[in-house]
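Residues per chain, in single letters:
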Amino acid sequence: MAKESEAPGKSLQRGFAILRALAEAGGEGAKLIRIAEATGLTQATVHRLLQALLAEGMVEQDGRSRLYRLGIDFFALAARAGNPGNLRDLCRPVLQRLSAMLGDTVFLLVRSGFDAMCLDRCEGPFPIRSFTGDIGGRVPLGVGQGALVILAFLPEAEREEVIRFNVPRLLGQGFMDEVYLRTEIAKARDTGFASRRDVALAGMGGAAVPILDREGRAVAALSIGTISERLGEDRLPTVIEILTREAGAIGPRLNPFDTALRRPAQLLGSASR
């Protein structure tokens, strides 16, 4: 076999080939041998280029599975180049509009691993309590309407992984068992929203709809929190219709390279500095 050229231009092309292969592999990542097969390069060449990409933060490697995937610096760089806005900036006017229109507190929740994080909120006139509390608060996926609806609309394999991990956490906090959680997930998937009143927080109610990316997977949720009497059968359909319309308009505008969709805490940290 002829020795592969080490010309800088050739190395750059091969580096881009590896990045494309990792993009095709998705969030789970790929092993070195699979990257080599996808690019047609030798494993030695792929390993050498991966080390260079790791050093620059363009690629990261899972410490347990040893799978390679695109790094957060790659997504941050692409976000700055492709779209200066982010999920929080995109949704802020929506939250303000919904809060004024509905007269309730509106939340933007985003998935963060096995949790949902409150990325932003806009206060309504009614004093409420919420699971996530203030901006930056977290709850396990499944707790509260926003976290439940995100979990419900994840791809099945991811959803099952989250359920296996979170059920012990939920039981430990006295929230719910697996049967109840799966029943609520099925209900949310069937109706397209999640809604509860007087379940874990007495006198409180809430409703949420998912924000779906271009692949139809939930990356965030629009949620309202209010007093229970404001989410009766007469008002709930109107609230859901409004939330669904706004979430549907956000989805196509999502920047797939937005840091908030992969590392929401990083966005909050940079916003506070």
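Keep in mind that this is a model prediction, so the values were computed, not measured. (Residues numbered from 1 in each chain as written. Predicted model: local features only at pLDDT ≥ 70, side-chain atom pairs only at ≥ 80, totals over all residues. Heavy atoms only, no water.)

## Brief notes about the sheet that holds strand β3 (residues 105-112)
In spatial order, the strands read β5-β4-β3-β8-β7-β6; together these 6 strands make up an open sheet with antiparallel pairing. Where the open sheet ends on each side, the last strands, each with one partner, are β5 (138-140) and β6 (194-197). Pairs of neighbouring strands in the sheet enclose a mean axial angle of 25°, with direction left out of account. Pairing between strand β7 (residues 204-212) and strand β8 (residues 218-227): 9 bridges, direction antiparallel. By the bridge assignment, Gly206 is partnered in β8 with Gly225. (Pairing = 2+ DSSP bridges. Helix = DSSP H or I, 4+ residues; strand = E, 2+ residues; numbered from the N terminus. Axes fitted to C-alpha atoms, helices over the stretch in contact; angles between N-to-C directions.)

## Regarding helix α8 (residues 178-191)
Residues lying three or four places apart along an α-helix face the same way, a consequence of the helix completing one turn every 3.6 residues. The end-to-end C-alpha separation of α8 is 20 Å, in line with the 20 Å expected for 14 residues at 1.5 Å each. Among all positions of α8, only Leu181, Glu184, Ile185 and Ala188 are buried. The buried residues of α8 all sit within an arc of 105° when viewed along its axis, so they share a single face. Relative to its buried face, α8 has exposed residues pointing more than 90 degrees away, namely Val179 and Asp190. By the N-cap criterion, in which a side-chain oxygen at the helix start approaches the backbone nitrogen of a residue two or three places on, α8 is capped by Asp177, the distance to Val179 being 3.3 Å. One or two residues past the end of α8 sits Gly192, with phi positive at roughly 90°. (Expected span 1.5 Å × (residues − 1). Buried < 20%, exposed > 50% of the residue type's maximum accessible area, 1.4 Å probe, protein only. Arc of directions from axis to C-beta. Polar contact = N/O pair within 3.5 Å; in protein donor to acceptor, adjacent residues only side chain to side chain.)

## A closer look at the pairing of β7
Summarising burial for β7: 8 of the 9 residues are buried, a large majority. Sheet topology places β6 next to β7; 4 bridges connect them, and they run antiparallel. Across the sheet, residue Ser195 finds its bridge partner in β7, namely Ala207. Hairpin geometry of β7 and β8 is characterised by an intervening segment of 5 residues between the two adjacent antiparallel strands and by a positive phi of about 80° at Gly216.

## Notes on the pattern of salt bridges
Taken as a whole and assessed by the stated rule, the structure comprises 16 salt bridges. Linking Arg34 and Glu37 is a salt bridge whose minimum nitrogen-to-oxygen distance equals 3.0 Å. Taken together, the positions of Arg34 and Glu37, both in helix α2 (residues 32-39) and 3 residues apart, correspond to about one turn of that helix. With a shortest N-O distance of 2.8 Å, Arg69 and Glu60 are connected by a salt bridge. (Salt bridge = Lys/Arg side-chain N within 4 Å of Asp/Glu carboxyl O.)

As far as function goes, none of this settles anything; it's purely spatial.
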